[in-house]
Amino acid sequence: MSGIYIHIPFCKQACHYCDFHFSTSLRKKDELINALCQELELRKDEFQNSSVETIYFGGGTPSLLTNEELEFIIDSVYKNYKVSDTPEITLEANPDDLSKDRIIELSKSSINRLSIGIQSFFEADLKLMNRAHNANEAKECLSVATRHFDNISLDLIYGIPGSSNAQWLENIEMALSFNVPHISSYALTVEPKTALASFIKKGIINNVDDEQAHEQFHLLKAKLEASGFVHYELSNFGKEGYFSKNNSAYWQGKSYLGIGPSAHSFNGKQRGWNVSNNSKYIKAIQQNELPIEIETLTKTDQYNEYVMTGLRTIWGVSFDKVESDFSSAFKDYLIEHSKIFINQQLLYIDDGHLRVTRKGQFLCDGIASELFKIN
Ligand code: SF4
């Protein structure tokens, strides 16, 4: 199985915490769309032997593209690749782009899954993060979207300075009231060189409080699990049958093609990065060149990635897989280095798989890095 990720590098305005690649000028939108289709054609041989099961429009803000523009790109995928009969086609969308008419129009297109960037239902949080939508738009778009789409995910951010645990619980309750089958939730992180980092440095905004973020993570987990969601990846909760196929494939080490500026690709052995600059991207593609940097992963890199992604998911890290894909020396290394975390009840072994305990979950990226091999 393979997936195609398509990066749409435009946003209406810059959220204060964001360090993704995007431009707030849509001047090059047409050229960019043509370049995406051309890249799809240039790279068609990379997926000769497998069928595409997921197409994911991420960004940036893909909902800034019209339906015709999205369909034009999807047609290009179908022209150049073998696509399965029932692909999952996800559109990341922001509430301010999802009017009632737009949602109805989208529900008639090939897009069959919406991932909506709600982040919070509180006006003060949205302002602090400089989101382009307001709390009413968040609620209105969800009430319409859930009437026209069955497969919807919404994003929420926790650990926002000034947002109490009681407010966070209200946010979760509000999200649950729309009966969506999937919720992704991330801790607010302060990335260097963002407006948020600068406001914190100047004392305009309080710094994020890791302890509060930790508490809010556990409130989220308890509330969503009690409401029938499976916590299948550190930041993702889904009802049975609604796990993101695109992201699950990524976490299970399947191949994917990343199309567009700054998009990442992975073929099992190599990782690639497209240039993070719209003009340079368009120019290279127009000259039939791929603006990509490629790194070949060593066995150690592959092992480290497997441990990192495996520990974040309910599937855990399989000792048999570590032995067969890497070697018995890697397996022995993993057993030896995980002992300390097993003793601290942060990890446990179940059915030949290493997994994180409830206590270890919030710390799992740090634990994984302690299990990495250096060479
Ligand atoms: S909409 Fe998304 S990609 Fe665009 S600035 Fe905000 S967080 Fe970043």
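As the structure is a prediction and not an experimental result, all values here were calculated from the model. Counting from 1, residues in each chain are numbered in the order their sequence is written. For this predicted model, a pLDDT threshold of at least 70 governs which residues receive local features, and a threshold of 80 or more governs which side-chain atom pairs are given and counted, while totals over whole chains, interfaces and linings are taken from all residues. To obtain the side-chain values, all non-hydrogen atoms of the structure were used and water was disregarded.

### Things to note about the overall build of the protein chain
Numbering goes from the N terminus for both helices and strands, where a helix is a DSSP run of H or I of at least four residues and a strand is a run of E of at least two. Counting its regular elements, the protein chain contains 15 helices and 15 strands. Just to be clear, the radius of gyration here is over C-alpha atoms, and the globule rule we use is 2.2 Å times residues to the power 0.38. Rg of the C-alpha trace for the protein chain: 21 Å, near the compact-globule value of 21 Å for 375 residues, within the 12% margin. Counting only C-alpha atoms, the protein chain reaches 55 × 50 × 45 Å along its principal axes. Three exposure classes are used, based on accessible area relative to the maximum for each residue type with a 1.4 Å probe and protein chains only: buried under 20%, partly exposed in between, and exposed over 50%. Buried positions account for 53% of the 375 residues belonging to the protein chain. Taking contacts inside the protein chain between residues at least 6 apart in sequence as the whole, the part at least 24 apart equals 70%. Two residues form a contact once any of their heavy atoms are found within 4.5 Å.

### Things to note about unusual backbone geometry
In the segment running from G59 into G60, the intervening peptide bond is cis, with an omega of 20°. Assignment of secondary structure puts G60 in the loop between β2 (52–59) and α2 (67–80). Phi is positive for Q119, close to 70°, though the residue is something other than glycine. Within the secondary structure layout, Q119 lies in strand β4 (residues 113–119). Residue D351 is not a glycine yet carries a positive backbone phi of 55°. As for its position among the elements, D351 is in the loop between β14 (347–350) and β15 (353–356).

### So, the pairing of strand β12 (residues 292–296)
Where a strand is regular, its side chains alternate between the two sheet faces. With respect to burial, β12 is a largely exposed element, only zero of its five residues being buried. One ladder, built from five bridges, connects strand β11 (residues 270–274) with β12; its direction is antiparallel. What sits directly across from W273, in β12, is E293. What makes two strands pair is DSSP finding at least two bridges between them.

### Quick look at the site of the ligand
We define proximity as follows: a residue is near a molecule or strand when any one of its heavy atoms falls within 4 Å of that partner. Close contacts around the ligand come from C11, Q13, C15, Y17, C18, F20, F22, G60, T61, N94 and R131, and that covers them all. The class makeup of the residues in the shell around the ligand is six nonpolar, four polar and one charged. For this classification, the nonpolar set comprises Ala, Val, Leu, Ile, Met, Phe, Trp, Tyr, Cys and Pro, the charged set comprises Asp, Glu, Lys and Arg, and every other residue, Gly included, is treated as polar.

### Re a negative patch on the surface
The grouping of D209, D210, E211 and E215 at the surface amounts to a negative patch. Secondary-structure assignment places E211 in helix α8 (residues 210–226). Exposure above 30% relative accessible area and no salt bridge define the residues that can form patches, which grow by joining like charges within 9 Å and nonpolar side chains of Val, Leu, Ile, Met, Phe, Trp and Tyr within 5 Å. A 1.4 Å probe and the Shrake-Rupley method give the accessible areas. Residues count as covered only by the protein chains that appear here. Should a side-chain nitrogen of Lys or Arg be within 4 Å of a carboxyl oxygen of Asp or Glu, the pair is scored as a salt bridge. The charge count treats Lys and Arg as positive and Asp and Glu as negative. His and the chain ends do not count. Note that the charge is assigned to NZ on lysines, CZ on arginines, CG on aspartates and CD on glutamates.

### Let's talk about the packing of aromatic side chains
Between the rings of Phe, Tyr and Trp (Trp by its six-membered ring), a pair exists once the centres lie within 6.5 Å; its type follows the angle of the planes, with under 30 degrees stacked, over 60 edge-to-face, and the other angles tilted. As enumerated under the stated definition, the model contains 15 aromatic pairs in all. Relative to W251, the ring of Y232 lies with its centre 5.9 Å away and its plane at 65°, an arrangement referred to as edge-to-face. Of this pair, Y232 sits in strand β7 (residues 230–233) while W251 sits in helix α9 (residues 245–251), placing them 19 residues apart in sequence. For Y232, a relative accessible area of 0% gives the class buried.

### A short note on the sheet that holds β14
The sheet built from three strands is open, its strands ordered β13-β15-β14 with antiparallel pairing. Strand pairing shows two members of the sheet lacking a second neighbour, β13 (317–318) and β14, which therefore form its edges. Pairing analysis gives two bridges linking β13 to β15, with the strands arranged antiparallel. Directly across from S318, in β15, lies its bridge partner H353.

### Some remarks on the pattern of salt bridges
Counted by the stated rule, this structure contains 15 salt bridges. The residue E173 makes a salt bridge to K223 at a minimum N-O spacing of 2.8 Å. A residue pair is termed long-range when its members are at least 10 positions apart, and E173 in helix α6 (residues 165–177) and K223 in helix α8 qualify at 50 residues. Given a relative accessible area of 26%, K223 falls into the partly exposed group. Salt bridges here are not isolated pairs; linked through shared partners, they connect K12, D96 and D97.

### A word on the domain arrangement of the protein chain
Here the protein chain is described as being made up of domain 1 (2–250) and domain 2 (299–371). The source of the domain bounds is an automatic or database domain assignment. For domain 1 and domain 2, the distance between their C-alpha centres works out to 29 Å. Taken together, the 16 residues of domain 1 in the interface contact eight residues of domain 2. Overall, the association of domain 1 and domain 2 removes approximately 1,100 Å² of surface from exposure, summing both partners, and the carbon and sulfur fraction of that is 62%. Across the domain 1-domain 2 interface, the total number found is two salt bridges. Between R312 and E233 there is a salt bridge, and its shortest N-O distance comes to 2.7 Å. Here a polar contact is taken to be a pair of N or O atoms separated by no more than 3.5 Å, where protein atoms must pair a possible hydrogen donor with a possible acceptor and residues adjacent in sequence count only if both atoms sit in side chains. At the boundary of domain 1 and domain 2, one finds six residue pairs in polar contact (both at pLDDT 80 or more). Within the residue set of the side of domain 1 that touches domain 2, elements represented by two or more residues are α8 and β7. Here the side of domain 1 that touches domain 2 gets seven residues from one element, more than from any other, and that element is α8. Residue classes in the side of domain 1 that touches domain 2 are distributed as seven nonpolar, five polar and four charged. Buried area: the accessible surface (1.4 Å probe) lost by two parts on joining, summed over both.

### Quick look at helix α3 (residues 100–107)
Buried within α3 are the following residues: R102, I103 and L106. One side of α3 holds all its buried residues, which, seen down the axis, span an arc of 100°. Summarising the contacts, the buried residues of α3 are in contact with α2, β3 (83–93), β4 and α5 (135–148). To be clear, the arc concerns the directions from the helix axis to the C-beta atoms.

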